[in-house]
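Here's the letter readout for the chains.
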Amino acid sequence: MEEHHIRLKQDSLQKETTTLNLGPTHPATHGVFQNVLEMDGERIVGATSTIGYIHRAFEKLSERRPYYQITPITDRLNYCSSPINNIGWHLTMEKLLGLKVPRRVDYMRVIIMELARISDHLICNSVVGVDSGAYTGFLYVMQYRELIYEIYEEICGSRLTTNIGRIGGFERNFNDKVFSKLDRFQKEYPGVQQEFENLFTHNRIFMDRTIGVGAISAERALNYSFTGPNLRAAGVDYDVRVAEPYCAYGELDFQIPVGKTGDCYDRFLVRNEEIWQSLSMIRQAREKMEKEPPEVFHADAPAYYLAPKEDVYTKMEALIYHFKIVMGEIDAPAGEVYHCVEGANGELGYYLISDGGRTPYRLHFRRPCFIYYQAYPELIHGALLSDAVICMSSLNLIAGEMDA
Amino acid sequence: MTNYFLDMGRPVQFNTKVKVGNMPEGYSGEGFFATSLNKVIGLARKNSIWPLPFATSCCGIEFMALMGSHYDLARFGSERVGFSPRQCDLLMVIGTIAKKMGPVLREVYLQMAEPRWVISVGACASSGGIFDTYSVLQGVDQIIPVDVYVPGCPPRPEAILDGFMKIQDLVEKESLRRRGSERYKELLAGYGIG
Amino acid sequence: MLSMGLNNAYIQQRLTDKFPDQVTGFEEPFGLLGFSAPAVMNLKIIQFLYEDEGLKFRFLTDLTAVHYPGKQDAELAVVYLLHNLVDNIRIRFKVYTGIGKPDIFTATKIFAAANWMERETYDFFGINFVGHPNLVRILNVDEMDYFPMRKQYPLEDQGRTDKDDEMFGRS
C-alpha cells in the first residue's frame, strides 16, 4: 500500500500524517470499498478511495445476453431496490421498441417502485443509526422490509433480486393476497416509521453525530453530478420523476423534499420525508387503479411478451413466439436510446445502442453511486474518523451499483 | 406501543414447549457426570459460534434479514458477529468474490485461529454464480478450503440457517485431534497454506 | 424568455453558427439531440455549452465510450451526455478517435464528476485522457494488461480448466 504522507503546517504536533487503512473488510463499510486515510492526529486531511472489489463486468456481460436475460443483471445493480432497476430497463426497451403499456400497468409499476424506494431508504436510514451505535431502530424497520419481500414474492416469486415484470407489463396480475398485504403495510407501516423517527430525529446524540458532518454546497454537488436524495439534501430540487415523468408519475400529486446544507442530518431527513411521500403515492396509485379494468396487466405485444401457457400449447403463433422469445432470437430495432429513472440513489440511466441484433451492441449503466462517491474525500476533509464512517453510510453507497 | 405488534392478524403464541438439547451419552451419578471430552467441547462450541460475515453483495442483504428479528440468527448462539478474524470461528463468505478481493479474503482466512470453519453462502461464492466473467473468482474454494456450501441467488434466510445448522453438526462431531492431523495438513498444503 | 425557445432546433442553430463545418451528424433519436465533432474540439464545445447563457449545459450526466471495430481511424467513440437542469434539455455529444493513438483532452477541469468517469472509460477501452490528474485503472485489477470492453476480447476468463464445454453447447 503506498503511503502518501502529507507535510503538515509548522504548528502541528506531528511532522507528517499517519496513514490509516479503512479497508475493504470493515464492519462499517457496507460493501467493499477501501479508503486510505491520511490523518493528522484524529482529523482526516486526505483520502484515497479504491473501488472495484466487486466488479462483475455487467456491461460486457450484457453484450452477450438477449434482452430478456439482462433483467436479472440489472437486479444486481442496486440490490436493495431491485424492482426499480428492472422496471427502468423494461422502460428503456419499451422506448426503443415504441411500445405503449396500458394505464393500469403504469399504476402497478408505480406501486412496486415506490415500495422498493421505501425499502431502500429504510435500510439506509436504519444503518446510519446502526453506525452511530443505535441498533434497535434497524430491527423495528426490518420487520416491514420482510412484509415488502412477501409482496414481491406473490408477484414474481423471489424476495431480493426480483427480476420482476416483463417488457410490456407484469408476469402475473396482482391477486387478493397482494392487495391484503398492501393493506396491512399501509395500515401498519406509518406507525412504525413514526416510531423510528421519534427515536432519531430529535435525539440529542444523533443530532450531534450527524449535523455538520459531510456537508456539501449545491454548486459543488452539481459539479460532482450528484443526483437523488444526496443532491436534494444539498438544496437542488431535481427529481427525474418530476423532470421527465415516466409511468404514472405525471398524474400523481407529490412533493420533493429539499434540504439546506447537504450534511448527514439533512440526508436522513430527506430520506424520511421521501418515505412519507412514497406512502402517499402508493395510496393514490391504488385509488386510480380501481378505475381501470382489473384483468389488464400487460401490453398486447406478442413478439416481446410471453404468451400464456394455454395458448402456447394450442395456438401455432403463440408457440413460435414463445420459442423465439425464450431462445432469445427476437431482434430489437437498431437505435440509440438513453432512458433514466429515479432510483433510490439518484438518476439511474440506461444508455443502450442496438445494432438490430438479438443482444445489445453496447449497454452502459449510468450508476449514481459510482459518480457521487468521487466526492467522498472532499466531504470528509477535516472530519474525525467516526464522522467519516457516518458520512459513508449516509451516502447510501451500494457496492453492486458502484462497481457494476 | 405494543398494540400494533400484537395486531398482526395472528394470535400471539407464548412458547411453553421449550425444546431441551440432547445430553451426550455418559455415566452420571450423584453430583457428577462423566463423558468424553470431545462431546462436551462439541456441545459447547456448536452453540456459541462467533461468525465473521464477509458480506460483499446481494446475499449480504439476505444476511441482514437473517440477523433481523424475523429469522433470528442469535438464537443459535451467534448473537455477537465479529469483524476481527482473530476472534471468530466461522468465516461466512456471503456474496460475489471478485479477483481483486481474493487476496483480501485469503488474508482474512489466514488470520483466523484454529479451529475455524468456512461457509460459502450464495451461488457466487460457491461457484461464481451467474457471473462467468473475467473479473469474478469462480468459487471461493479456489483459494480457501470450504466446509459447507449454501446455494441460491440469493439463498433464503432459511437456507442460510440450514447451512449454519450443518456447520453446527460438523462442529459438534469434529475430533479434537483433527486440526493437527496429517490429513488436515495436506488439505491446507493443497491450498498453499502452512 | 430564452427558456421558452430552448429546443433542439435552437441548439443546433447556435452550434452551427459558432463552429461552422465542425459539428456534424445532427440527429434526434427519441427526442435526444445528438451530434459529433473532431476529437480536438471536445473541450471547446463543452466549454461553449457550459458557459453560454442561452445554452447552460452545466450538468454532466454521463461520459462513456463505444468501440466500433469497423470504422477506420475512428474506432473509439467517447460519448458525453449533458443536461441543462434549468430548462430540462439533454444533449449527446460524440467524438471519435482512432485506436492506434486514442488521445482525448480531459474534461475534469470543467466537471469534477468527469474524474472517475474518465478513469472507468480508460479502464475499459484504453482511451488516454490527456491532462487527467490520476489516470489509472479503477474497476479492474491493477495488473490487467488489456482493455476488456473492446470487442476482440472475450467475456470469460480463458484460463479455466474445469469447464466442460460440451455440456454448455460450446465446441
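Here, the structure is the one placed above.
All figures in this text were calculated on a predicted structure; none of them were measured in a lab. (Residues numbered from 1 in each chain as written. Chains lettered and ligands numbered in written order. Predicted model: local features only at pLDDT ≥ 70, side-chain atom pairs only at ≥ 80, totals over all residues. Heavy atoms only, no water.)

> Please explain helix 6 (residues 157-173) of chain B as it appears in this structure.
In an α-helix, one full turn covers 3.6 residues, which means residues spaced three or four apart are oriented alike. Residues and elements named next belong to chain B. The first and last C-alpha atoms of helix 6 sit 24 Å apart over 17 residues, in line with the 24 Å expected at 1.5 Å per residue. Along helix 6, the positions that sit buried rather than exposed are Pro157, Ile160, Leu161, Gly163, Phe164, Ile167, Gln168 and Val171. Mapping the buried residues of helix 6 onto a view down its axis gives an arc of 160°, with all of them on the same face. In this structure, the buried side of helix 6 is in contact with helix 2 (37-46), helix 3 (58-67), strand 4 (90-94), strand 5 (117-121) and strand 6 (148-150). (Helix = DSSP H or I, 4+ residues; strand = E, 2+ residues; numbered from the N terminus. Expected span 1.5 Å × (residues − 1). Buried < 20%, exposed > 50% of the residue type's maximum accessible area, 1.4 Å probe, protein only. Arc of directions from axis to C-beta. Contact = heavy atoms within 4.5 Å.)

> Looking at this model, I keep getting lost on unusual backbone geometry. Mind explaining?
Most peptide bonds adopt trans geometry, and most residues besides glycine take a negative phi value. Residues and elements named next belong to chain B. A cis geometry characterises the amide bond from Glu114 onward to Pro115, with omega recorded as -10°. Note that Pro115 resides in the loop between helix 4 (102-111) and strand 5. The linkage connecting Cys153 with the following residue, Pro154, adopts the cis geometry, with an omega of -10°. Within the element layout of this structure, Pro154 appears in the loop between strand 6 and helix 6.

> Before we go on, may I ask you to explain the sheet that holds strand 3 (residues 43-50) of chain A in this structure?
Sheet strands pair by backbone hydrogen bonding; their relative direction is either parallel or antiparallel. All names here are of chain A. The three strands lie next to each other as 1-2-3, forming an open sheet whose pairing is antiparallel. Looking at the sheet topology across the chains shown, the edges are occupied by strand 1 (18-22) and strand 3. Across the sheet, the mean angle separating the axes of adjacent strands is 25° when strand polarity is ignored. Pairing analysis gives five bridges linking strand 1 to strand 2 (residues 34-40), with the strands arranged antiparallel. By the bridge assignment, Thr18 is partnered in strand 2 with Met39. The sheet strands contacting helix 16 (residues 385-394) are strand 1, strand 2 and strand 3, and the helix crosses strand 2 at an angle near 150°. (Pairing = 2+ DSSP bridges. Axes fitted to C-alpha atoms, helices over the stretch in contact; angles between N-to-C directions.)

> Would you mind going over the pattern of salt bridges with me for this structure?
Oppositely charged side chains may form a pair once their charged atoms are brought near each other. By the definition in use, this model includes 46 salt bridges over all chains. Glu153 of chain A is the salt-bridge partner of Arg156 of chain B, the closest N and O atoms lying 2.4 Å from each other. With Arg156 of chain B in the loop between strand 6 and helix 6 and Glu153 of chain A in helix 5 (residues 136-156), this residue pair bridges two chains. By relative accessible area, Arg156 of chain B is classed as partly exposed at 31%. The partner of Lys173 of chain B in a salt bridge is Asp169 of chain B, and the shortest N-O contact between them spans 3.9 Å. Of the two residues, Lys173 of chain B and Asp169 of chain B both sit in helix 6, four residues apart, roughly one turn of that helix. Within this structure, Glu114, Arg117, Arg232, Asp239, Arg241, Glu274 and Glu342 of chain A form a network of salt bridges that share partners. (Salt bridge = Lys/Arg side-chain N within 4 Å of Asp/Glu carboxyl O.)

> Would you mind showing me how to read a nonpolar patch on the surface here?
Residues and elements named next belong to chain A. Among the surface-exposed residues, Met316, Leu319 and Ile320 lie close enough to one another that they form a single nonpolar patch of about 290 Å² accessible area. Along the chain, Ile320 turns up in helix 13 (residues 316-327). On the basis of relative accessible area, Ile320 is assigned to the partly exposed category, the value being 44%. (Patch = residues over 30% accessible without salt bridge, like charges linked within 9 Å, V, L, I, M, F, W, Y side chains within 5 Å. Areas by Shrake-Rupley, 256 points an atom, 1.4 Å probe, with all protein chains shown as cover.)

> Explanation requested: the interface of chain B and chain A in the structure shown.
A common way to state how big an interface is: give the accessible area lost once the parts meet. With 35 residues of chain B in contact, the opposing surface of chain A contributes 44 residues. Across the chain B to chain A interface the summed buried area is about 3,400 Å²; carbon plus sulfur atoms make up 65%. Linking chain B with chain A are eight residue pairs in polar contact (both at pLDDT 80 or more), by the criterion used here. Put simply, the parts of the chain that give the side of chain B that touches chain A at least two residues each are helix 1 (3-6), helix 3 and helix 4 of chain B. When its residues are assigned to classes, the side of chain B that touches chain A shows 23 nonpolar, eight polar and four charged. (Buried area = accessible area lost by both parts, 1.4 Å probe. Polar contact = N/O pair within 3.5 Å; in protein donor to acceptor, adjacent residues only side chain to side chain. Nonpolar A, V, L, I, M, F, W, Y, C, P; charged D, E, K, R; others polar.)

> Got a minute to help me understand the packing of helix 11 (residues 264-289) of chain A against helix 16 of chain A in this structure?
Residues and elements named next belong to chain A. Where helix 11 contacts helix 16, the axes come no closer than 10 Å and their chain directions differ by 25°. One way to sum up the angle between helix 11 and helix 16 is to call them roughly parallel. Read as a crossing pair, helix 11 and helix 16 show a hand that is left-handed. Contacts from Cys264, Arg267 and Arg271 of helix 11 reach helix 16 at Ile390, Cys391 and Ser394. A class-by-class count of the residues in the contact of helix 11 with helix 16 yields three nonpolar, one polar and two charged. (Parallel < 35°, antiparallel > 145°, perpendicular 65-115°, else oblique. Left-handed = near helix turned anticlockwise from the far one by under 90°.)

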